[in-house]
Amino acid sequence: MASEFDELLTRLGTGRWNFLYFIATSYWYFLIPPQTFSGVYLAPSVNVTCRPEDLDSVLRVAEDSCSYFVNKSSVGVVEVPCTEWAYDDSIYSSTLTSDFGLVCSEAYHRATYQSIYTFATIFSSIHAGYLADRFGRKPVVLVTQVIYAATGIAMCFANSFPLILALRFVMGCVGLPTIYILTMEVCEIKYRSVVGILTGLPWAFGTMAWGGVAYLIRDWRWLMLSVSLPTLLVLPLLFLMDESPRWLIVKGYHDWAIKVLQRAARWNGVSLPPAEELRKTVMSIQEETENETRNKAKEKQRTLWSFLKVPTLCSTRPIRVNSVIFSLNLFISALVFGGLNLSGANYSADPFAYTVLGGLMEVPGYSLTAPLINRVGRKWPTILGYFFSGAAIFLLVFVPSDMTWLVMTLAMLGKMCISGAFMIIIVYMSEAFPTEVRLQGVGATVMACHVGATVAPFVTDYLGPLIPWAPSVIFCVSSAVAGLALLPLPETLGAPMPDTVQEMPDVGRCGAFGRREGSSSLCIVNKGDEMEAK
């Protein structure tokens, strides 16, 4: 199917029809960072002063303002937990922290607010593919975007913290990557890698915008409303978009698919074959797809646990090593990347400037990785990215807090390096896993990524205030472990992508532009018009 349908996309070219999908997807990714990292400004750590009920009997207030001491004649000095506080409003006029008392024994709820969204994305990654394959790409995009916008707006008016957590969990569950899948399915094959990278840039710009908007609006309800209402603006674009013609063909909606293709041709100013000839092509694509589906179904019936692909992912030592190493790397990447995004209060006196500069550092991390890995490979740029990030973060332990410019510089250097490593590792693992289990392998490692993002808030917001140097040490050691873990893996630049688990030991053995000859150990290397056997 891929070759025939890709020929159709090539004939359609790239024009206004494709740009509509790209613009909608880019706009959506621009709006995600404020929701993903909303805890930075909605539930920050705020300085508090305990307000005892009876000031006359108070001997002193504890240093952390979580309790105070009173002298009772019958039992002596007694420590009493504080229940009322005066909140410092010099930076924020209103936050979830101040409105719902998320301090002292309830301080862990600030990390819970941040992590419950990323925890919910674990479930969204599980059901996203099923919903999009079952009901189509466009309906799933429309429904989930409406729910996403509605829950964000509803949070602004909620007066119960458990309700806010529930709404945030729903947001995470419906934050599906379906719009990205839809865009890639209508993208001409020669531009897919470029589009894949370019759609990462709006995330960086959205991060910068999030810091700027938060600087202007210091009340959490108005701030949340200001970043939630723009999500409604993407809906008109979604209604203009068509269903994925690839999905329509697979599901047998031939007439609908032909209309979509003809509309795309008009928008792009190109011509397609007559309707009858186009119908034959569409039927041929579906027939080929059904044959592939039947073959896969027969293969699944031979394995008891095939729905989990556990035997295949664990069948040989190379596939087990790949699964463990890439899962560990994505867990650490999300932990360090998310932790640095949430560390504005730890690494900067100005949390707004920290977020803006952090987003700015992601731009070279995303844009410069493509030419870099095409020239020097995937493995060593990723390893060096982890090591440089870990080294910069480790130095923060020894830098005095009053040297704000140096602290900010090191934190931003760590952010840029981990962003680049994060981007490369996604490409690296997609090339290292064999075709027969590539989606299952990537899916398993992405789950580890979501877990890392869920853990990050507890490291920065809960452990950080207790042990200030602990987050830096954890991020540094984790980055070093991630880099060292990649050493056993082969380089995949120029190497043929493995199709089966049995071919994995040969990945990278032939070097760039090499290939195996059948199932033998003979390596064939292209040298112009000559072939050299090794």
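To keep things clear, this report deals only with the structure shown in the data block. Because the structure is predicted, anything quoted here is derived from the model rather than measured.

### Description of the overall build of the chain
Reasoning step 1: A count of helical and extended segments in the chain gives 24 helices and eight strands.
Reasoning step 2: Taken over 534 residues, the chain has a buried fraction of 50%.
Reasoning step 3: Considering only intrachain contacts with a sequence separation of at least 6, the fraction spanning at least 24 residues in the chain is 75%.
Reasoning step 4: Accessible area for the chain stands at about 25,200 Å²; split by element, carbon and sulfur atoms hold 64% of it.

### Quick notes on the packing of aromatic side chains
Reasoning step 1: Under the counting rule described, the total for this entry stands at 17 aromatic pairs.
Reasoning step 2: Where Phe 37 meets Trp 203, the ring centres are 5.9 Å apart and the plane angle is 80 degrees; that geometry is what we call edge-to-face. Note that Phe 37 is positioned in the loop between helix 2 (16-36) and helix 3 (39-42) and Trp 203 in helix 10 (residues 201-216), a separation of 166 residues in sequence.
Reasoning step 3: An aromatic cluster of three or more residues is present, and its members are Tyr 41, Tyr 92, Trp 210, Tyr 215 and Phe 352.

### Considering the pattern of salt bridges
Reasoning step 1: Applying the stated criterion to the full structure yields five salt bridges.
Reasoning step 2: The salt bridge involving Arg 137 is made with Glu 185; its shortest N-O contact spans 2.7 Å. Taken as a pair, Arg 137 in helix 6 (residues 137-155) and Glu 185 in helix 8 (residues 178-185) lie far apart in primary sequence, 48 residues in all. When sorted by exposure, Arg 137 lands in the same class as Glu 185, which is buried.
Reasoning step 3: In this structure, Glu 362 and Lys 415 form a salt bridge, with 3.0 Å as the shortest nitrogen-oxygen distance. Of this pair, Glu 362 sits in helix 19 (residues 351-367) while Lys 415 sits in helix 22 (residues 404-432), placing them 53 residues apart in sequence.

### Details of the packing of helix 21 (residues 379-395) against helix 22
For any two helices packed against each other, the geometry is given by the interaxial angle and the distance between the axes.
Reasoning step 1: For the pair helix 21 and helix 22, interaxial distance at closest approach is 8 Å and the crossing angle is 155 degrees. Judged on the interaxial angle alone, helix 22 and helix 21 are roughly antiparallel. The interaxial crossing formed by helix 21 with helix 22 has left-handed handedness. Facing helix 21, whose interface residues are Lys 379, Pro 381, Thr 382, Gly 385, Tyr 386, Phe 388, Ser 389, Ala 392 and Leu 395, helix 22 presents Leu 410, Leu 413, Gly 414, Cys 417, Ile 418, Ala 421, Ile 424, Ile 425 and Tyr 428.

### Comments concerning the state of the cysteines
Reasoning step 1: In this structure the tally under the stated criterion is two disulfides.
Reasoning step 2: Between the sulfur of Cys 50 and that of Cys 82 lies a disulfide, 2.2 Å long from S to S. Looking along the S-S bond of the Cys 50-Cys 82 disulfide, the torsion reads about 110 degrees, which is the right-handed sense. Residue Cys 50 is located in strand 1 (residues 48-50), and its partner Cys 82 is located in the loop between strand 4 (76-81) and strand 5 (85-87); the two are separated by 32 residues in the primary sequence. Note on accessibility: Cys 50 and Cys 82 belong to one class, buried.

### Brief notes about the side chain of Ser 389
Reasoning step 1: By secondary structure assignment, the location of Ser 389 is in helix 21.
Reasoning step 2: Taking relative accessible area as the criterion, Ser 389 reaches 0% and is therefore assigned buried.

### Overview of the nonpolar core
Reasoning step 1: Formed by 110 residues in total, the largest nonpolar core has its most connected members in Tyr 113, Phe 326, Tyr 347 and Leu 486.
Reasoning step 2: With 13 residues, the single largest contributor to this core is helix 22.
Reasoning step 3: With near-sequence residues (within four places) excluded, Leu 486 lies in contact with Ile 325, Phe 326, Asn 329, Lys 379, Thr 382, Ile 383, Tyr 386, Ile 425 and Tyr 428.
Reasoning step 4: Residues Val 48, Tyr 68, Val 70 and Cys 82 belong to the second largest nonpolar core, which totals eight residues.

### Description of the packing of helix 17 (residues 317-341) against helix 24 (residues 470-485)
Reasoning step 1: Here helix 17 crosses helix 24 at 150 degrees, and the two axes come no closer than 9 Å. Classified by the angle their axes make, helix 17 and helix 24 are roughly antiparallel. Here helix 17 runs over helix 24; the crossing is left-handed. Of helix 24, the residues touching helix 17 (which contributes Ile 325, Leu 328, Asn 329, Ile 332, Leu 335, Val 336, Gly 339 and Leu 340) are Ile 474, Phe 475, Ser 478, Ser 479, Val 481, Ala 482 and Ala 485.
Reasoning step 2: Looking at the contact of helix 17 with helix 24 residue by residue, the classes come out as 11 nonpolar, four polar and no charged.

Criteria and thresholds
- Residues numbered from 1 in each chain as written.
- Predicted model: local features only at pLDDT ≥ 70, side-chain atom pairs only at ≥ 80, totals over all residues.
- Heavy atoms only, no water.
- Helix = DSSP H or I, 4+ residues; strand = E, 2+ residues; numbered from the N terminus.
- Buried < 20%, exposed > 50% of the residue type's maximum accessible area, 1.4 Å probe, protein only.
- Contact = heavy atoms within 4.5 Å.
- Areas by Shrake-Rupley, 256 points an atom, 1.4 Å probe, with all protein chains shown as cover.
- Phe/Tyr/Trp six-rings, centres within 6.5 Å; stacked < 30°, edge-to-face > 60°.
- Salt bridge = Lys/Arg side-chain N within 4 Å of Asp/Glu carboxyl O.
- Axes fitted to C-alpha atoms, helices over the stretch in contact; angles between N-to-C directions.
- Parallel < 35°, antiparallel > 145°, perpendicular 65-115°, else oblique.
- Left-handed = near helix turned anticlockwise from the far one by under 90°.
- Disulfide = S-S within 2.5 Å.
- Core = buried A, V, L, I, M, F, W, Y, C linked by side-chain atoms within 4.5 Å.
- Nonpolar A, V, L, I, M, F, W, Y, C, P; charged D, E, K, R; others polar.

Purely geometric numbers; function is a separate question.
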